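Letter by letter, the chains look like this.
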Amino acid sequence: MMFRNSVKVGRNDPCPCGSGKKYKRCCLNSKTPKPVNVEKLYLEKYDIRLKHAKDVEGIRAAGRLVIETLDLMEENVQAGITTDQLNAIAHEFAIKNNAIPAPLNYKGFPKSICTSVNEVICHGIPGDRVLVDGDIINVDITHIYKGYYADASKTYFVGTPGPDAKKIVHVAAQSLKAAMKMLQPGKTIGDIGWAIQKYAEGEKCSIVREFVGHGVGFDFHEAPHVPHYGKKGDGIVLVPGMVFTVEPMINLGKAALFVAGDSWTAITRDRKLSAQFEQTFLITEEGFESLTPFEL
Ligand code: MF3
Ligand code: CO
Ligand code: CO
């Protein structure tokens, strides 16, 4: 799943100045290097589409609806409700606000949101499961609004949490917070994974590797991949205009998972708890802005 693209420009690569010539025939030996066309370089080298101000406005508006939907989920998560009822509430809210729930029919996904309870890591399909006191549930919302995508998720307690539930939800939330410290131009995709790994493994929890954060905005899943583990300084350098999610899935037991017979629901092999928080972030000149902001 992981791309480990080096940022080093090869002699035969397109020149970072955007001239279209090979680097060796252009700026490699030039004493007065031309300004680098970062937008063109990131598209050609990494397939990353940097976002302009009007795109950011669109994604931010989609993000506002995603957060309002998550708030609505929080109000409705309680013992006795089914995941299908949560799906219906989120779906109706999206439609009423002229948004389209992105998961519905995405690669055959049958519902409008993902609901992942307890040992379910992600991509749980809403159904007739009734929430009971002590459960934890991640609700993952992605809406399309005026053509723009925003993606965020939170894990909620149902009633009163036990110590294991408290621990994993806390570590998952603080994992995302640790990642946010790395969101600034000049840091790398590897720095994000490194920060999460250092924190979460320090808490004796494990990190899911099969699913990663992703570019988002023009489409549901764009380049780059954003692994939730990694080495300091590895991978693509963050530049202003990048919009991507960070969404660490943190397990109380081991990292190993299996996918259920429905070919979506990802479950911990050891059936221990898993939790996740996700936001959509913009890299800015100063650092970052969350386009789906909530407190952690
Ligand atoms: N929202 C998920 C993510 O964070 C993707 C869900 S894909 C679906 O990337 F098909 F399951 F909805
Ligand atoms: Co996502
Ligand atoms: Co999501």
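Computed from a predicted structure; not experimentally measured. (Residues numbered from 1 in each chain as written. Chains lettered and ligands numbered in written order. Predicted model: local features only at pLDDT ≥ 70, side-chain atom pairs only at ≥ 80, totals over all residues. Heavy atoms only, no water.)

**Points about the coordination of the cobalt ion (ligand 3)**
So, point 1. Within the protein, the cobalt ion (ligand 3) binds to D140 (OD), D140 (OD), D151 (OD) and E278 (OE); these donor distances fall in the range 2.1 to 2.4 Å.
So, point 2. For the cobalt ion (ligand 3), the six donor atoms in the first shell make angles of 58 to 167 degrees at the metal, a pattern classed as irregular.
So, point 3. Each donor residue of the cobalt ion (ligand 3) belongs to the same chain, with the gaps between them written as D-x10-D-x126-E.
So, point 4. Metal-to-metal, the separation of the cobalt ion (ligand 3) and the cobalt ion (ligand 2) is 3.3 Å; D151 coordinates the two. Here D151 is found in strand β5 (residues 148-157), whereas its partner E278 is found in the loop between β13 (274-276) and β14 (279-283), with 127 residues between them in sequence.
So, point 5. Judged by relative accessible area, which is 2%, D151 ranks as buried. (Donors = N, O, S within 2.8 Å, 3.2 Å for Na, K, Ca; no water. Tetrahedral: all angles 85-135°; square planar, octahedral: opposite > 155°, others 65-115°. Helix = DSSP H or I, 4+ residues; strand = E, 2+ residues; numbered from the N terminus. Buried < 20%, exposed > 50% of the residue type's maximum accessible area, 1.4 Å probe, protein only.)

**As for the site of ligand 1**
So, point 1. Among the 14 residues in the neighbourhood of ligand 1, the closest are listed as D151, H214, H221, E247 and E278.
So, point 2. The contact in question runs from a nitrogen atom of ligand 1 to an N or O atom on the side chain of T142, over 3.4 Å.
So, point 3. Expressed as a share of its isolated accessible area of 340 Å², the protein-covered part of ligand 1 is 97%.
So, point 4. Taken atom by atom, the bulk of ligand 1 overlaps the largest pocket. (Near = heavy atom within 4 Å. Polar contact = N/O pair within 3.5 Å; in protein donor to acceptor, adjacent residues only side chain to side chain. Areas by Shrake-Rupley, 256 points an atom, 1.4 Å probe, with all protein chains shown as cover. 1 Å grid on protein atoms, 1.4 Å probe; cavity = no way out; pocket = protein on both sides within 12 Å on 5 of 7 lines; lining within 4 Å. Sits in = over half its atoms within 2 Å of the grid points.)

**So, helix α3 (residues 83-96)**
So, point 1. Over its 14 residues, α3 runs 20 Å from end to end, which matches the ideal 20 Å to within 8%, given 1.5 Å per residue.
So, point 2. Taken as a whole, α3 has its buried residues at T83, L86, N87, A90, F93 and A94. Each buried residue of α3 lies within a common arc of 135 degrees when the element is viewed along its axis, so the set occupies one face. Turned more than 90 degrees away from the buried face of α3 sit E92 and K96, all of them exposed.
So, point 3. Close packing links the buried residues of α3 with α2 (53-76), β1 (99-101), β2 (114-117) and β4 (136-145). (Expected span 1.5 Å × (residues − 1). Arc of directions from axis to C-beta. Contact = heavy atoms within 4.5 Å.)

**With respect to the pattern of salt bridges**
So, point 1. Enumeration according to the criterion identifies eight salt bridges in this entry.
So, point 2. The residue E44 makes a salt bridge to K40 at a minimum N-O spacing of 3.1 Å. Placement of the pair is E44 and K40 together in helix α1 (residues 38-46), with a separation of four residues, close to one helical turn.
So, point 3. Judged by relative accessible area, K40 falls into the partly exposed class, the value being 28%.
So, point 4. The closest approach of N and O atoms between E203 and K167, which form a salt bridge, is 3.7 Å. One end of the pair, E203, is in the loop between α5 (189-202) and β6 (206-207); the other, K167, is in helix α4 (residues 163-180), and 36 residues separate them in sequence. (Salt bridge = Lys/Arg side-chain N within 4 Å of Asp/Glu carboxyl O.)

**Side note on the coordination of the cobalt ion (ligand 2)**
So, point 1. Note on the cobalt ion (ligand 2): its protein donors are D151 (OD), H214 (NE2), E247 (OE) and E278 (OE). The metal-donor distances range over 2.0 to 2.2 Å.
So, point 2. Geometry at the cobalt ion (ligand 2) is irregular, judged from the six donor atoms that bind it and their angles of 51 to 161 degrees at the metal.
So, point 3. When the donor residues of the cobalt ion (ligand 2) are listed from N- to C-terminus, their spacing reads D-x62-H-x32-E-x30-E.

**With respect to the environment of P240**
So, point 1. For P240, the location among the structural elements is in the loop between β8 (222-226) and β9 (243-246).
So, point 2. Taking the C-alpha atoms as reference points, P240 and Q184, separated by 56 residues in sequence, lie 8.1 Å from one another.
So, point 3. Setting aside anything within four residues of it in sequence, one finds P240 in contact with L50, P185, I283, T284 and E285.

**Things to note about the sheet that holds strand β11 (residues 257-259)**
So, point 1. With antiparallel pairing, three strands are arranged side by side in an open sheet as β3-β12-β11. The open sheet has two free edges, formed respectively by β3 (120-122) and β11, since each of these has just one partner strand. Adjacent strand axes in the sheet meet at a mean angle of 40 degrees, parallel and antiparallel pairs treated alike.
So, point 2. In terms of strand pairing, β11 meets strand β12 (residues 266-268) through three bridges, oriented antiparallel. (Pairing = 2+ DSSP bridges. Axes fitted to C-alpha atoms, helices over the stretch in contact; angles between N-to-C directions.)

**A short note on the environment of G162**
So, point 1. Note that G162 resides in the loop between β5 and α4.
So, point 2. As for G162 and D133, which are separated by 29 residues in sequence, their C-alpha atoms are 9.7 Å apart.

**Concerning the pairing of β9**
So, point 1. The side-chain alternation of β9 yields two buried faces, one formed by V243 and T245 and the other by F244 and V246.
So, point 2. Direction of pairing for β9 relative to β14: antiparallel, over a ladder of four bridges. Looking at β14, one finds that V246 is bridged to Q279.

**Quick notes on the confidence of the model for the protein**
So, point 1. Per-chain confidence: the protein averages 95 in pLDDT, with 95% of residues scoring 70 or above.
So, point 2. Here residues 1-6 is modelled with pLDDT under 50, and outside its nearest four sequence neighbours on either side it reaches twelve contacts, counting other chains as well. (pLDDT = per-residue confidence, 0-100.)

**Some words on unusual backbone geometry**
Peptide bonds are trans in most cases, and residues, glycine excluded, mostly fall at negative phi.
So, point 1. The peptide bond linking A223 to P224 adopts the cis configuration, its omega dihedral lying at 0 degrees.
So, point 2. In this structure, P224 sits in strand β8.
So, point 3. One non-glycine residue, H123, lies in positive phi territory at about 65 degrees.
So, point 4. Secondary-structure assignment places H123 in the loop between β3 and β4.
So, point 5. Classification of H123 by relative accessible area gives partly exposed; the value is 26%.
So, point 6. Positive phi is not limited to glycine here, since S263 has a value of about 65 degrees.

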